[in-house]
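Results of the structural survey
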Amino acid sequence: MFTTPAVAKKTKTAEDFMLDRLKIAALAAGLLIAPAVASATTMVTPGGSYDLLADDFFFDGQFEIGQAADSYTFSFVNTSSRNAALSILGGTVQQLSAAFAGGVSVSFGSIGPFDFAQDETNGFESQLFVAAGQTVDLIVSFGNVIDTGVRAGGVADIDFAVEAAVVPVPAAGLLLLSAVGGLAALRRRKKAA
């Protein structure tokens, strides 16, 4: 018959309680500075203006053969009065069964342009800091949609997604660092005892 050895129970000291409190404080500080998660995705339309921090944004443009060249502008506003936002842009240009004569160009504020030649299918991704109260435009310019001869009635496609999160306030970051430092100091003190 197998028996397990008895384990001595350790009583918590004042230092153990302090360590527990610091762990809780560090967790609370981390949750306070974590960016809010958007609950859904908003489909954007050319000419629209959008609150950058309100949601994630998506555009899926399908362009039929014969559609004329154009330029679309989408405006994104950081409505926060105190915080910068880190914006991430990613997308693709697909020109398989139809193509954009002269290609496609995409720019977002100070980044880009991302240029795609006629018949080129590729993706792009970049990030941009948007200051509090600042508006940035995402501009998509494309040529006439032409037939590539691959499939009758084909379409060309441009899509992109924009996501943003508030950059944590420096003071909250310092609070988190001091809580983690306090935990480390207590652990060292406990080991020394």
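Conventions used here
Residues numbered from 1 in each chain as written. Predicted model: local features only at pLDDT ≥ 70, side-chain atom pairs only at ≥ 80, totals over all residues. Heavy atoms only, no water. Core = buried A, V, L, I, M, F, W, Y, C linked by side-chain atoms within 4.5 Å. Buried < 20%, exposed > 50% of the residue type's maximum accessible area, 1.4 Å probe, protein only. Helix = DSSP H or I, 4+ residues; strand = E, 2+ residues; numbered from the N terminus. Contact = heavy atoms within 4.5 Å. Pairing = 2+ DSSP bridges. Axes fitted to C-alpha atoms, helices over the stretch in contact; angles between N-to-C directions. pLDDT = per-residue confidence, 0-100. Phe/Tyr/Trp six-rings, centres within 6.5 Å; stacked < 30°, edge-to-face > 60°.

Phe76, Leu138, Val140 and Phe160 are the most contacted members of the largest nonpolar core, which totals 33 residues. Examining the composition of this core, we find that 5 residues originate from one element, strand 12 (residues 155-166), more than from any other. Ignoring anything within four residues of it in the chain, the contact list for Leu138 reads Tyr72, Thr73, Phe74, Phe76, Leu89, Val106, Ser107, Phe108, Phe160 and Val162.

A few words on the pairing of strand 8 (residues 111-116). Direction of pairing for strand 7 (residues 104-108) relative to strand 8: antiparallel, over a ladder of 4 bridges. Considered in strand 8, the bridge of Ser105 is made with Asp115. Hairpin connection between strand 7 and strand 8: a loop of 2 residues separates the two successive antiparallel strands, and Gly109 in this loop has a positive phi of roughly 60°.

Attention now goes to the sheet that holds strand 3 (residues 56-64). The 5 strands are arranged 1-3-12-5-9 in an open sheet whose pairing can be described as mixed. A single partner strand is all that each edge strand has here, and the edge strands are strand 1 (41-43) and strand 9 (122-130). Taking the axes of each pair of neighbouring strands and ignoring which way they run, one obtains an average angle of 20° across the sheet. Note that strand 3 and strand 12 share 8 bridges and pair antiparallel. Looking at the pairing, Phe59 lines up with Phe160 of strand 12.

With that out of the way, let us pick up the confidence of the model for the chain. Per-residue pLDDT for the chain has a mean of 79; in total, 65% of the residues score no lower than 70. Note that pLDDT drops below 50 for residues 27-39; the model gives that stretch 10 contacts with residues more than four away or on any other chain.

Looking now at the packing of aromatic side chains. One pass over the full model with this rule turns up 15 aromatic pairs. Centre to centre, the rings of Tyr50 and Phe76 are 5.8 Å apart; their planes meet at 35°, and the pair counts as tilted. Of this pair, Tyr50 sits in strand 2 (residues 49-51) while Phe76 is found in strand 4 (residues 70-77), placing the two residues 26 residues apart along the sequence. Across this residue pair, the class does not change: Tyr50 and Phe76 are buried. The interplanar angle of 85° and the centroid separation of 6.2 Å between the aromatic rings of Phe59 and Tyr72 together place this pair among those described as edge-to-face. Residue Phe59 is found in strand 3, and its partner Tyr72 is found in strand 4; the two are separated by 13 residues along the sequence. Accessibility assignment for this pair places Phe59 and Tyr72 in one class, buried. Linked through ring pairs, Phe59, Phe63, Tyr72, Phe74, Phe100, Phe142 and Phe160 together constitute an aromatic cluster.

Another point: unusual backbone geometry. A negative phi angle characterises most non-glycine residues, just as the trans form characterises most peptide bonds. Between Gly112 and the following residue, Pro113, the backbone shows a cis peptide bond with an omega angle of 5°. Within the element layout of this structure, Pro113 appears in strand 8. The backbone phi angle of Asp119 is positive, close to 75°, even though this residue is not glycine. Here Asp119 is to be found in the loop between strand 8 and strand 9. We classify Asp119 as partly exposed; its relative accessible area is 46%.

If you trace the 5 strands from one edge of the open sheet to the other, you get 2-4-10-7-8, paired in mixed fashion. Two strands in the sheet have a free side with no partner beyond their single neighbour: strand 2 and strand 8. Here the strands of the sheet are splayed against their neighbours by 15° on average, with no regard to which way each runs.

Let us now look at the environment of Ile158. Mapped onto the secondary structure, Ile158 falls in strand 12. Residue Ile158 is classed as buried on the basis of its relative accessible area of 0%. Linking Ile158 and Gly61, residues 97 residues apart in sequence, is a C-alpha distance of 5.2 Å. Leaving out residues up to four positions away in the same chain, Ile158 has contacts with Phe59, Asp60, Gly61, Phe63, Thr92, Val93, Phe100, Val104, Val140 and Phe142.

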